[in-house]
Amino acid sequence: MTNAIRPQPGILDIALYQGGQAQIAGMSNVVKLSSNENPFGPSERAREVFLRSVHQLHRYPSTDHAALRQAIADVHGLDAGRVICGAGSDEVITFLCQAYAGPGDEVIHTEHGFLMYRISALAAGATPVEVAERERTADVDAILAACGRKTKLVFIANPNNPTGTMIGAKDIARLAEGLPKQAILVLDGAYAEYVEGYDGGKALIEARENVVMTRTFSKVYGLGGLRIGWGFGPQAIIDVLNRIRGPFNLSTTQLDVAEAAMRDQDHVARCRAENTRMRAWLAESLAEMGVPSDTSTANFVLARFADAAEAASCDAYLKTQELIVRQVGSYKLPHCLRITVGDESSCRRVAHAVAQFKGQR
Ligand SMILES: *Cc1c(COP(=O)(O)O)cnc(C)c1O
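These numbers come from a predicted model, not from an experiment. (Residues numbered from 1 in each chain as written. Predicted model: local features only at pLDDT ≥ 70, side-chain atom pairs only at ≥ 80, totals over all residues. Heavy atoms only, no water.)

Q: Is there a simple way to explain the sheet that holds strand S11 (residues 326–328) in this structure?
A: Sheet strands line up and pair through hydrogen bonds in the backbone, either parallel or antiparallel. As summarised here, the arrangement of the three strands in space is S9-S12-S11, forming an open sheet in which the pairing is antiparallel. What marks the edges here is a single partner per strand, and that holds for strand S9 (300–304) and S11. Neighbouring strand axes in the sheet, compared pairwise and without regard to direction, differ in orientation by 30° on average. Where S9 lies against strand S12 (residues 333–340), five bridges are found, and the strand directions are antiparallel. Note on S12: the bridge partner recorded for Phe 300 is Thr 340. Packing against the sheet, helix H11 (residues 308–320) makes contact with S11 and S12, and its axis sits at approximately 35° to S12. (Pairing = 2+ DSSP bridges. Helix = DSSP H or I, 4+ residues; strand = E, 2+ residues; numbered from the N terminus. Axes fitted to C-alpha atoms, helices over the stretch in contact; angles between N-to-C directions. Contact = heavy atoms within 4.5 Å.)

Q: For this particular structure, what's the right way to read unusual backbone geometry?
A: For residues other than glycine, phi is negative in most cases, and the peptide bonds are mostly trans. The amide bond that connects Asn 158 to the next residue, Pro 159, takes the cis arrangement and shows omega of 0°. Topologically, Pro 159 is positioned in the loop between strand S5 (151–157) and helix H6 (169–178). Of note, the bond from Asn 161 into Pro 162 is cis; its omega dihedral lies within 30 degrees of zero at 15°. For Glu 135, which is not a glycine, the phi torsion comes out positive at approximately 50°. Assignment of secondary structure puts Glu 135 in the loop between strand S4 (127–131) and helix H5 (140–146). What makes Glu 135 exposed here is its relative accessible area of 61%. (Buried < 20%, exposed > 50% of the residue type's maximum accessible area, 1.4 Å probe, protein only.)

Q: How do you make sense of the state of the cysteines when you look at a structure like this?
A: What makes a disulfide is a covalent bond joining the sulfur atoms belonging to two cysteines. Evaluation of the coordinates by the stated rule reveals zero disulfides. Not part of a disulfide, Cys 97 finds its nearest cysteine sulfur in Cys 147, a span of 15 Å. With relative accessibility at 0%, the residue Cys 97 sits in the buried group. Accessibility expressed as a relative area gives 17% for Cys 147, which makes it buried. (Disulfide = S-S within 2.5 Å.)

Q: Help me out: how do you make sense of the environment of Arg 349 in this one?
A: Mapped onto the elements, Arg 349 comes out in helix H12 (residues 344–359). Judged by its relative accessible area of 28%, Arg 349 falls in the partly exposed class. Separated by 82 residues in sequence, Arg 349 and His 267 place their C-alpha atoms 25 Å apart.

Q: Is there a simple way to think about helix H8 (residues 235–244) in this case?
A: Think of an α-helix as 3.6 residues a turn; residues three or four steps apart then line up on the same face. The set of residues buried in H8 consists of Ile 237, Ile 238 and Leu 241. Down the axis of H8, the buried side of the element spans an arc of 95°, and every buried residue falls inside it. Opposite its buried face, H8 presents the exposed residues Ala 236 and Arg 243, each directed more than 90 degrees away. (Arc of directions from axis to C-beta.)

Q: Just to check I follow, could you spell out the sheet that holds strand S6 (residues 184–188) for this structure?
A: Strands sit in the order S2-S8-S7-S6-S5-S3-S4 across an open sheet of seven strands; the sheet is mixed. Each edge of the open sheet carries a strand with a single partner, namely strand S2 (83–86) and S4. Recorded for the sheet is a direction-independent mean angle of 25° between the axes of neighbouring strands. Where strand S7 (residues 211–216) meets strand S8 (residues 229–232), four bridges bridge the pair, whose relative direction is antiparallel. Bridge pairing in S8 links Arg 215 to Trp 230. In this fold helix H3 (residues 88–100) packs onto S2, S5, S6, S7 and S8, with an angle of close to 150° to the strand it touches most, S7.

Q: What am I meant to see in the packing of aromatic side chains here?
A: Aromatic ring pairs are described here by two measures, namely the spacing of the ring centres and the angle between the planes. In total, this model carries six aromatic pairs according to the counting rule given. Arranged with centres 5.6 Å apart and planes meeting at 75°, the rings of Phe 114 and Tyr 117 form a pair that is edge-to-face. As far as the burial class goes, Phe 114 and Tyr 117 line up, both buried. On the numbers, 6.3 Å between centres and 35° between planes, the contact of Tyr 317 with Phe 357 is tilted. Of this pair, Tyr 317 sits in helix H11 while Phe 357 sits in helix H12; the two residues are 40 residues apart in sequence, bridging distant segments of the chain. (Phe/Tyr/Trp six-rings, centres within 6.5 Å; stacked < 30°, edge-to-face > 60°.)

Q: Can you walk me through the packing of H3 against helix H4 (residues 115–123) in this structure?
A: Between two packed helices, the angle of one axis relative to the other and the distance separating the axes together describe the packing. Closest axis-to-axis distance for the H3/H4 pair is 9 Å, and the angle between their directions is 40°. In terms of axis orientation, H3 runs oblique to H4. Taken as a pair, H3 and H4 cross one another with a handedness that is right-handed. Taking contact as the criterion, the partners of Asp 90, Ile 93, Thr 94 and Cys 97 in H3 are, on H4, Met 116, Tyr 117, Ser 120 and Ala 121. Partitioned by chemical class, the residues of the contact of H3 with H4 number five nonpolar, two polar and one charged. (Parallel < 35°, antiparallel > 145°, perpendicular 65-115°, else oblique. Left-handed = near helix turned anticlockwise from the far one by under 90°. Nonpolar A, V, L, I, M, F, W, Y, C, P; charged D, E, K, R; others polar.)

Any link to function would need more than the numbers given here.
Written out as C-alpha cells, the structure is:
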C-alpha cells in the first residue's frame, strides 16, 4: 500500500549522523570530549547579547544578514558582499550540494573526511566519491586523479576532522589549479582559527573563480549550540547560494550573538593559545604512554591504539572514569579515539585515565 511513496534516489543511502555522546547513564560529573567543543564557551560579550535578544523574539530577523556579514568582513578583511551565513557551516555545505550537484554528478571527499559531505551529496541526489588519503592526510594527486567530467564539488577540511592534519597552501593551490573547469573546491575551515596565521584560503579564493571556504562559530567561538556558520567565495557562486537560502534561515538571536562573538577576537586569541598549550601537553603525555598521534592543527588529538579492540576497550575504560571521547570507526579509523582538547583539568583527567588503562594491560 505505502510502496508507491518513495523519497528521491540516494536518500535511503544516508546513514543517520551520530553526534558525540553527551551523557553516561548514572553518572553526573561527566567530561565531554567527544564533539570538539570549546571548553571555555563563547565570549562574555556574546553571552550578554544572547540575554538581551529576548526582547526581539517577536520580530522577524534580517534577511540579508548585513550586520553579521560586515563584522565577518571587517575582521577577516573580506568583501561583505561575498559572504553568506547559514545555520552552521553544515547549511552552507548543503547549499553548495543543492546548487551545484545533482543526479549523475560526483562530489569528492577524502577517506577520513567529514561525514556531512557524503550526507549532503546524497541528499542532493549526487554520487559521493571517496578518495584515499596518505598517512591520514589528504592526497592532492589522488584527488586530481579521481576528478573527471562528472566532478562538481571537491570537499577538503583543512585542518581535517577527525585526523587533525592539514595540507599547505602550495598543495591547496595546486589542487584548485588542477580541477576540471566545472568543479568547485570547498575548503572547510571549521578549525582554521586554531592555526595561527592561516587565512583559511582567503588569498586563493580572491585570486580564483573556483574556490569557496566554509567557516563556523561552532568551534573556537564556542557557539555550537546556536548553529551559525558562514562561507566566502566568488560573487557568482555566493549569488547562486543566496537564491536557495531561506530568507529567515538565521534568527535575530543567532545573528546578534555571532556578530558580538566575531568582534571579540581577544577571546578567540585566548582560546587558541590555551588550546595550543594543552594540545601539545596532551599529545606528548599520550605518546609517552605508547599512544601516538599525528601532529594536530585543530582542537583535538587523534590517539592511535594497537588495534580496534584496544581502542574500544580504552573508550570503555574512559567511560567508567566519566570521560567521553569519540570512537571514529565511521571515519574508517577504528583503531583510533578522537579526544577533544578540553581545559587543563579535563586534559589531565583523560591523560591520567589512559595511563591507568595502559598500565592495567
Ligand atoms: C565541526 C565541524 C564543522 C562545523 O559544522 P557546523 O554546522 O558549523 O556546526 C564543519 N566541518 C567540520 C570538518 C567539522 O568538524
